[in-house]
Amino acid sequence: MAQWVEELHFPDMEIPVTISHVGLVMPSGTVPTLPDHTLYLSNLDDMVGARVFTPTVYFYPSSLGPSSDQKPVMQILRNALASVLVPYYPFSGRIRETGNGKLEVFFGQEQGALMVEAHSEMALASLGDLTVPNPAWLPLVYSSPNEEPYKLIDMPLLIAQVTFFSCGGFSLGLRLCHCLCDGFGAMQFIRAWAATAKAGILVTNPMPCWDREFFKPRNPPIIEYPHIEFMRIDDGSSLTMSLWQKKPIQKCYRISPEFQARVKALAQPAHCNCNFTCTTFDAMAAHVWISWVKALDVQPLDYNLRLTFSVNARKNLQNPPLKEGFYGNVVCVACATSSVSNLVNGLLSDTARLVREARLSISEEYLKSTLDFVEVNRPRRLEFGGKLTITQWTRFSIYESADFGWGRPVYAGTIDLTLTPQVCVFLPEGGSDSTGTMVVCICLPESATSKFTKHLSTILDSSHENCG
């Protein structure tokens, strides 16, 4: 059993980084914009959860040694980015707020993406296991001096920092504005940038499509669902307080395909004549949610908690379908609810059913209702009351997309979850062969980490007994 769930460790360290150059990258060709030109952002782009930058880092070890010429790397990446910014020109704009609080992209002077060159005297090998996301990597992703948390207005919408290490390897730290793209759209952009860098000429397949007007709200709005995913709830449980009283610890676990398959098998209902079949995500999300709530010893037992996660709605859009190459936000937030008692005392299959039902509730009609709900209510802040949010990066071809000509990165993904401790990320394993191994990253108070590790690793036995 132990090899099925492996607790991963990363060193607590400081990475000395020296910034040597910060500069704007403009599109290398003509783009269909003029000063003061604006682009519409849909209400899916403009949801409060999308008003953030998504920081990621990619590591590329060098086979050329410390004497390798670093200028071609910067030149190749910069030239390719300038080329890709022609068809993806919105990334060279800025975000501003309109009179009613809605966001839009606008274009003016002295804009463009931001590219940063940095150096570290450390070798990549000194960073420890590069397959385990480490909050200490934050200096590898550029933030401007005195930058306000969650600042979005007038910020470059793409920020790229290339950090060269003494061994000749380098990292690419990215911050992409979530308003412009969801995870699938980000992969489409990065794939085009990488393919262009590798080929030396512009490669876009498919051609990008903006077309955010596709998601304009109805007039008048028709809100057909309660949208509890956006509901403000004053947390009457101990959950939020236990997480935010002290800075939590980021924990990471490598989950084998065999363990995932076992959880999925036990998550299927034992006695049911319905066509209920949960996915691996349904089962693992339920399992992690249960383990997290048990480890935090959430009270009172009759309090209702929420599990939220994004669902890609592209396949639900048939009338009409989305155009190929669309890279905007096409995700809805699904929400499962359960009392603490049912989570800690119930069956895994019952919780997996709640996750499945929430996932399947995302339809074309639900998406349209979401657009109208945001238009009428426009939530202003993220709500964390009684909530765990799971982000599923295992859906993305993040390693395959990021070969800029120096091979696949040894790591590609998130860095620090402690700033949003009620977010859990499912990451794909970074090996060259796709084994289906998953890395689960989650935050907990230090006092709860050993209990979470125990529940995550051993729930199979207890679930089997419960399921009889």
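It should be noted that the structure appears before, not after, this text.
What counts and how
- Sequence order sets the numbering: in each chain, residues are counted from 1 along the sequence as written.
- pLDDT decides what is reported in this predicted model: residues at 70 or higher carry local features, side-chain atom pairs at 80 or more are listed and counted, and totals for whole chains, interfaces and linings draw on all residues regardless.
- No hydrogens and no water enter the side-chain calculation; it runs on all heavy atoms of the structure.
- What counts as a helix is a DSSP run of H or I of at least four residues, what counts as a strand is a run of E of at least two, and both are numbered from the N terminus.
- By definition in these notes, contact holds between two residues if any of their heavy atoms fall within 4.5 Å.
- When two rings of Phe, Tyr or Trp (its six-membered ring) have centres within 6.5 Å they constitute a pair, described as stacked for plane angles under 30 degrees, edge-to-face for angles over 60, and tilted for the intermediate range.
- Here the term buried applies to any residue with accessible area under 20% of the maximum for its type, exposed to any over 50%, and partly exposed to those in between, with areas from a 1.4 Å probe on protein chains only.
- By definition here, charges over rings are those cases where NZ of Lys or CZ of Arg is within 6 Å of the ring centre and within 35 degrees of the ring normal.
- Being paired, for any two strands, means DSSP has found at least two bridges between them.
- Note on geometry: axes are C-alpha line fits, over the in-contact stretch for helices, and angles between N-to-C directions span 0 to 180 degrees.
- Positive residues here are Lys and Arg, negative ones are Asp and Glu, while His and the chain termini are left out of the count.
- Salt bridges are defined as contacts in which a side-chain nitrogen from Lys or Arg sits within 4 Å of a carboxyl oxygen from Asp or Glu.
- Take the residue count of a helix, subtract one, and multiply by 1.5 Å to get its expected span.
- Between N or O atoms, a polar contact is any pair within 3.5 Å; within protein, one atom must be a potential hydrogen donor and the other a potential acceptor, and residues adjacent in sequence are included only when both atoms are from side chains.

A.B. asks: Describe in detail the side chain of S338, supporting the description with residues and values.
C.D. replies: Its location among the elements puts S338 in strand β12 (residues 331–339). Among all residues touching S338, those that are not within four sequence positions of it are W289, Y303, N304, L305, L343 and L354.

A.B. asks: Give me the lowdown on the packing of aromatic side chains, citing residues and values where you can.
C.D. replies: Using the criterion set out here, one finds 24 aromatic pairs in the structure. Plain terms: the ring middles of Y88 and F91 are 6.4 Å apart, the flat faces sit at 50 degrees to each other, and that makes the pair tilted. With respect to class, Y88 is no different from F91; both count as buried. Ring geometry for F215 versus F326: centroids 5.7 Å apart, planes at 70 degrees, classification edge-to-face. With F215 in the loop between α2 (183–199) and α3 (239–244) and F326 in the loop between β11 (304–312) and β12, this pair connects stretches of sequence that are 111 residues apart. Following the ring pairs from residue to residue traces out a cluster consisting of Y60, Y88, F91, F164, F170, F189, W193, W210, Y327, F404 and W406. Sitting above the plane of the W210 ring, R212 keeps its charged end 3.7 Å from the centroid.

A.B. asks: Residues and numbers for the sheet that holds strand β8 (residues 158–164), please.
C.D. replies: Strands sit in the order β2-β7-β8-β9-β4-β14 across an open sheet of 6 strands; the sheet is mixed. Each edge of the sheet is formed by a strand with only one pairing partner; in this case those strands are β2 (18–25) and β14 (411–413). When the angles between neighbouring strand axes are averaged without regard to direction, this sheet yields 15 degrees. Pairing of β8 with strand β9 (residues 170–177), which is carried by 7 bridges, proceeds in the antiparallel orientation. Residue pairing in the sheet places A160 in a bridge with L174 of β9.

A.B. asks: Could you give me a rundown of the side chain of E364, with the residues and numbers involved?
C.D. replies: Its location among the elements puts E364 in helix α8 (residues 364–377). Buried charge without a partner: E364 forms no salt bridge, and the closest opposite charge is K368, 4.1 Å away. What E364 contacts, discounting residues up to four positions off in sequence, is N316, L317, Q318 and N319.

A.B. asks: So, the environment of F59: which residues are in play, and what are the values?
C.D. replies: With respect to the helices and strands, the residue F59 is situated in strand β4 (residues 53–60). Put simply, F59 and L172 are 113 residues apart on the chain and 6.6 Å apart in space, counted from C-alpha to C-alpha. If we skip the residues at most four places from it in the chain, F59 touches L124, L127, L130, W137, L140, F170, S171, P409, V410 and Y411.

A.B. asks: Break down α2 for me, with residues and values.
C.D. replies: For the α-helix, the turn length of 3.6 residues means that residues three or four positions removed from each other point alike. The terminal C-alpha atoms of α2, which comprises 17 residues, lie 24 Å apart, in line with the 24 Å expected from a rise of 1.5 Å per residue. For α2, the complete set of buried residues consists of G185, A186, M187, Q188, F189, I190, A192, W193, A194, T196 and A197. With a side-chain oxygen positioned 3.2 Å from the backbone nitrogen of F184, the residue opening α2 is D182.

A.B. asks: Run through the sheet that holds strand β5 (residues 94–97), naming residues and quoting values.
C.D. replies: Here 3 strands make up an open sheet; going across it, the order is β3-β6-β5 and the pairing antiparallel. In the strand order of this sheet, the two ends are held by β3 (38–40) and β5, each with one partner. Neighbouring strand axes in the sheet, compared pairwise and without regard to direction, differ in orientation by 40 degrees on average. Bridging between β3 and strand β6 (residues 103–106) involves 3 bridges; their strand directions are antiparallel.

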